[in-house]
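Coordinate inspection notes
Residues per chain, in single letters:
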Amino acid sequence: MALIEMSGVSKKFHRSTTALRDISVSVDQGEFVYIVGPSGAGKSSFIKLLYCEEKISSGSLHVGEFNLAKMKKRQVPMLRRSIGVVFQDYKLLPKKTVFENVAFAMEVIGEKRRNIKKRVEEVLDLVGLKHKARSFPNQLSGGEQQRVAIARAIVNNPKLLIADEPTGNLDPEISMEIMQVLERINLQGTTVLMATHNSQIVNTLRHRVIAIEDGRLVRDEEEGEYGYND
């Protein structure tokens, strides 16, 4: 069952810049997919289209039951409830504890307090940070902060988890720990889409690889390799 269906999608910024050109790709529910390519290839644009940070210029794009080509502004929050996003720079709230940072994602959609407590404890356990629930972001290592960001991204049970360079600021050992967390989440049925420059991860933990160069889809391989020198 396709969760993401992209057909003939192009994205233009102004008249002179085309970030994506005629991309057609399908991602099934439960897949783990790496998005790779040189810097400036269009990976970030590809990802931003999926949660309506950017709008497609032409083609068709469906994520779950949502038709993103025809989506109205008021529908975007509903789409984003079905997607978790993890960034390279964590984006944690500095004055909130680990527990409060994760709980905040449930509070903003009006979830009941007792449900919040139970679910936040579950996801902190999943990412191995239950013992840090009362700590603040500045008391955590980079790897721990990224795990908090992942917990926050999955606390509302999204169908799709998008990770944009989630290991970009981390050393190799901590990067592998983050990957183990993402793989555990994927095994529970969440589709994971990860943009990365980390060739070691892609070549070691084999999953489907979608490669983008100069805005075009140039490679789509099951258990593919990274294939770049950067």
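I will try to describe carefully the structure that is included in this document. Just so it is clear, the structure is predicted and the values come from calculations on it, not from any experiment.

Moving on, we get to the overall build of the protein chain. Across its full length, the protein chain holds 7 helices and 10 strands. For the protein chain, the spread of C-alpha atoms along the principal axes amounts to about 50 × 40 × 35 Å. Taking all 230 residues of the protein chain together, the buried fraction comes to 50%. Looking at the protein chain alone, contacts between residues at least 24 apart form 68% of all its contacts between residues at least 6 apart. Surface summary for the protein chain: the accessible area is close to 11,600 Å², and the carbon and sulfur share equals 46%. Here the protein chain contributes 33 positive and 29 negative side-chain charges, whose respective centroids are spaced 10 Å apart.

Taken in spatial order, the 6 strands of this open sheet run β6-β7-β8-β3-β9-β10, and their pairing is mixed. Strands with a single pairing partner mark the edges of an open sheet, and in this sheet they are β6 (83–86) and β10 (216–221). Each adjacent strand pair in this sheet contributes to an overall mean axis angle of 15°, direction not counted. Bridge analysis of strand β3 (residues 32–36) against strand β9 (residues 208–213) gives 4 bridges, and the strand direction is parallel.

Below, the discussion takes up the packing of aromatic side chains. Inspection of every chain in the model, using the stated rule, returns 2 aromatic pairs. Measuring from ring centre to ring centre gives 5.6 Å for Y226 and Y228, while their planes differ by 80°; the resulting arrangement is edge-to-face. Positioned above the aromatic ring of F13, the side-chain terminus of K11 is 4.9 Å from the ring centre. The ring of F87 is capped by K91, whose NZ or CZ atom sits 5.0 Å from the centre of that ring.

Conventions adopted
- Here the residue index of a chain counts from 1 through its sequence in written order.
- Residues qualify for local features only when their pLDDT is at least 70, as the model is predicted, and side-chain atom pairs are given and counted only at 80 or more; totals for whole chains, interfaces and linings, by contrast, use all residues.
- Hydrogens and waters are ignored; side-chain quantities use all the structure's heavy atoms.
- Helix and strand assignments come from DSSP, with helices taken as H or I runs of at least 4 residues and strands as E runs of at least 2, each series counted from the N terminus.
- The rule is simple: take the accessible area with a 1.4 Å probe, protein chains only, and divide by the maximum for that residue type; under 20% is buried, over 50% is exposed, in between is partly exposed.
- Note on contacts: a residue pair is in contact if any heavy atoms of the two residues lie within 4.5 Å.
- Surface exposure here means Shrake-Rupley accessible area, sampled with a 1.4 Å probe, where a residue is shielded only by the protein chains that are shown.
- In this tally, Lys and Arg are treated as positive and Asp and Glu as negative; His is ignored, and so are the chain termini.
- Here the site of a charge means atom NZ of a Lys, CZ of an Arg, CG of an Asp or CD of a Glu.
- Strands qualify as paired when DSSP identifies two bridges or more between them.
- Axes, fitted as lines to C-alpha atoms, cover a helix only where it is in contact. Angles between the N-to-C directions of the axes lie from 0 to 180 degrees.
- Only the six-membered ring of Trp is used, alongside the rings of Phe and Tyr, when aromatic pairs are assigned; centres must lie within 6.5 Å, and planes under 30 degrees apart are stacked while those over 60 apart are edge-to-face, with the rest tilted.
- Think of it as a cone above the ring: NZ of Lys or CZ of Arg counts as a charge over the ring if it is within 6 Å of the ring centre and within 35 degrees of the ring normal.

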